[in-house]
Amino acid sequence: MNGDGLLTGSLLLRDVRMVLDDGSLYAGDLLCQGGLIQAMDRALNSPTDRVIDGGGRVLLPGVIDPQVHFREPGKEYKEDLQTGSWACARGGVTSFLEMPNTSPPTTTVERLEDKLARAASKCVVNYGFFAGATADNIEALQQSAGLSCGVKIFMGASTGDLLVDDPVALERIFKEVPRLIAVHAEDEARIRERTRLFAGRTDPHVHSQLRDNECARLATAQALELSRRYRRRLHILHLSAAEELALLRADKPAWVTAEVIPQHLFLSTAAYDTIGMRAKQNPPLRSEADRQAMWAGLRSGLIDFVATDHAPHLLSEKDRDYAEAPAGMPGVETSLPLMLTALARDEVNFAQIVRWMSRGAAKAYGIPNKGSLRPGFDADLVLVDLESYEPVRAERMASKCGWSPFEGWSLTGWPVLTVVGGRVAFEAGEVQTDTRGSALSFQPPEF
Ligand code: DOR
């Protein structure tokens, strides 16, 4: 449906190479009608409202980014739901799941409803939201089922003031909230102890030493233990340490999933020497060995998919002293080109790309009808240019924060067309700002 409640028109994408779930490329035409993929065939000639010539380019299912921070309400000067969604459209991201560490945090049913209403009025891509856990909002979390994709727990403090570090409160949530629980797994007690230990240090490297691998291992072990005890669906956000992977390798219950972010796949602590405090991120950048371990974890299936943790902060905030610089980096505009550049280097294949960037998150969060190019599925699509390389340019970013940790990197696979529910959201370098996405629905899988 479009904004007027009318069915969207038909759109024919001619001469595209469609990436199927098994990674094979199917050359032909794809017809979108009524928001869905109506047909995929070698040649389609049905009359349509619009025809776009794909010029033989590669067509992928739109990226589902299951972890972004868009700052609305409260910190709209760095990003809002509109600019965040524009950045998504540029990056080929057709659906996002947004985190609750806004101001105020998304910890009540009313605040979830407010975010959904704001998104409906201004997002050019599809949207879903997490409910934020506190030590005493169990009832709101229980009531948030139809309104959110799951519950987010900050086990260690990061941007914003959400934190559940009391073991009793943590256990109560796992016991009493029958929802998907996604955890930011860093151990708060150890972070505090080491903050004292490293007091006075100002170089960016201190961040990875302070919030070390053991911080992540301890919290991930605790979350896994609670998830096993209550057979609770658990998602581990932004896995970063080889030790966390070892825990999953030893025992990964069927109801546990994990993700990794491009920062931990493409950057290591060496980035502090080139981009300084801009590389500050929670969980922090790790060693080269950890970075390699993340790729191995993804390839082996222990890590299910990729998210960006898109965390926009202004450069005027990032380029401060260690204690004041906020943690986080933007990512929705670069995740797909980064992965497709790895593909161009033969490091990954198309089957992995569609699983890690689209289908994996759709499956984990129970988002029906998305994540694959198949007739009957939602027409969320991205057409990419794998012929040329372009550097990451800050001035091209739609994100309000206006920078990228990957600035200057020469990447291929830049989106040339993004389609959301059969409607064009990005084309010829421009976001189509009148397009509107839809609220995602969630049908959690049984396990
Ligand atoms: O580095 C981070 N920044 N990690 C998070 O978990 C939060 C994020 C933010 O919102 O800035």
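As shown above, the structure is provided for reference.
Everything in this summary refers to the structure shown in the same document. (Residues numbered from 1 in each chain as written. Predicted model: local features only at pLDDT ≥ 70, side-chain atom pairs only at ≥ 80, totals over all residues. Heavy atoms only, no water.)

1. Structural notes on the pairing of strand 17 (residues 414-420)
- By the criterion of burial, strand 17 is predominantly enclosed, with six of the seven residues buried.
- Bridging between strand 14 (residues 381-385) and strand 17 involves five bridges; their strand directions are antiparallel. Its bridge partner lying in strand 17, Asp385 is registered against Trp414.
- In the sheet, strand 17 pairs with strand 18 (residues 423-427) via four bridges, with the strands oriented antiparallel. Along strand 18, the bridge assignment pairs Leu417 with Glu427.
- Connecting strand 17 to the antiparallel partner strand 18 that follows it, the hairpin turn spans two residues, and Gly421 within it adopts a positive phi of roughly 55 degrees. (Buried < 20%, exposed > 50% of the residue type's maximum accessible area, 1.4 Å probe, protein only. Helix = DSSP H or I, 4+ residues; strand = E, 2+ residues; numbered from the N terminus. Pairing = 2+ DSSP bridges.)

2. Some details on the site of the ligand
- Inspection of the region around the ligand gives 15 residues, with Arg71, Asn101, Thr159, Asn282 and Ala327 positioned closest.
- In the environment of the ligand, an oxygen atom lies 3.2 Å from a nitrogen or oxygen atom belonging to the side chain of His69.
- Arg71 is positioned with one of its side-chain polar atoms (N or O) 2.8 Å from an oxygen atom of the ligand.
- Protein chains bury 100% of the 290 Å² of accessible surface belonging to the ligand in isolation.
- In terms of residue class, the shell around the ligand is made up of three nonpolar, 10 polar and two charged. (Near = heavy atom within 4 Å. Polar contact = N/O pair within 3.5 Å; in protein donor to acceptor, adjacent residues only side chain to side chain. Areas by Shrake-Rupley, 256 points an atom, 1.4 Å probe, with all protein chains shown as cover. Nonpolar A, V, L, I, M, F, W, Y, C, P; charged D, E, K, R; others polar.)

3. A short note on helix 7 (residues 213-230)
- The end-to-end C-alpha distance of helix 7 is 26 Å, a good match for the 26 Å that 18 residues give at a rise of 1.5 Å each.
- Taken as a whole, helix 7 has its buried residues at Asn213, Cys215, Ala216, Ala219, Thr220, Ala223, Leu224, Leu226 and Ser227. When helix 7 is viewed along its axis, its buried side chains cluster within an angular range of 170 degrees and face the same direction.
- One or two positions beyond helix 7, positive phi appears at Arg231, with a value near 50 degrees. (Expected span 1.5 Å × (residues − 1). Arc of directions from axis to C-beta.)

4. Focus on the side chain of Glu244
- Along the polypeptide, Glu244 turns up in helix 8 (residues 242-250).
- For the buried Glu244, which has no salt bridge, the nearest side chain bearing the opposite charge is Arg286, at an N-O separation of 5.3 Å.
- Sequence-distant contacts of Glu244, defined by excluding residues within four places in its chain, comprise Ala185, Ala216, Arg217, Thr220, Ile236 and Leu239. (Lys, Arg positive; Asp, Glu negative; His and termini not counted. Salt bridge = Lys/Arg side-chain N within 4 Å of Asp/Glu carboxyl O. Contact = heavy atoms within 4.5 Å.)

5. Observations regarding the sheet that holds strand 12 (residues 256-260)
- Taken together, the eight strands give an open sheet; going across it, the order is 6-7-8-9-10-11-12-13, and neighbouring strands pair in parallel fashion. Edge positions in the sheet fall to strand 6 (63-68) and strand 13 (305-306), since each of these pairs with one other strand and no more.
- Where strand 9 (residues 150-154) and strand 10 (residues 181-184) come together, four bridges link them in parallel fashion. Along strand 10, the bridge assignment pairs Phe154 with His184.
- Helix 7 rests against strand 10, strand 11 (234-236) and strand 12 of the sheet, and its axis sits at about 165 degrees to strand 11. (Axes fitted to C-alpha atoms, helices over the stretch in contact; angles between N-to-C directions.)

6. Quick notes on the pattern of salt bridges
- One pass over the structure, following the stated rule, counts 30 salt bridges.
- When the shortest N-O distance is used, the salt bridge between Asp319 and Arg278 registers 3.0 Å. Of the two residues, Asp319 sits in the loop between helix 12 (315-318) and helix 13 (335-344) while Arg278 sits in the loop between helix 10 (271-275) and helix 11 (288-300), which places them 41 residues apart along the sequence.
- Residue Arg393 pairs with Glu390 through a salt bridge whose shortest N-O separation is 3.1 Å.
- Of the residues examined, Arg393 reaches a relative accessible area of 29% and is grouped as partly exposed.
- With relative accessibility at 27%, the residue Glu390 sits in the partly exposed group.
- Here the residues in one salt-bridge network are Glu72, Glu76, Asp114, Arg118 and Lys122, joined through shared partners.

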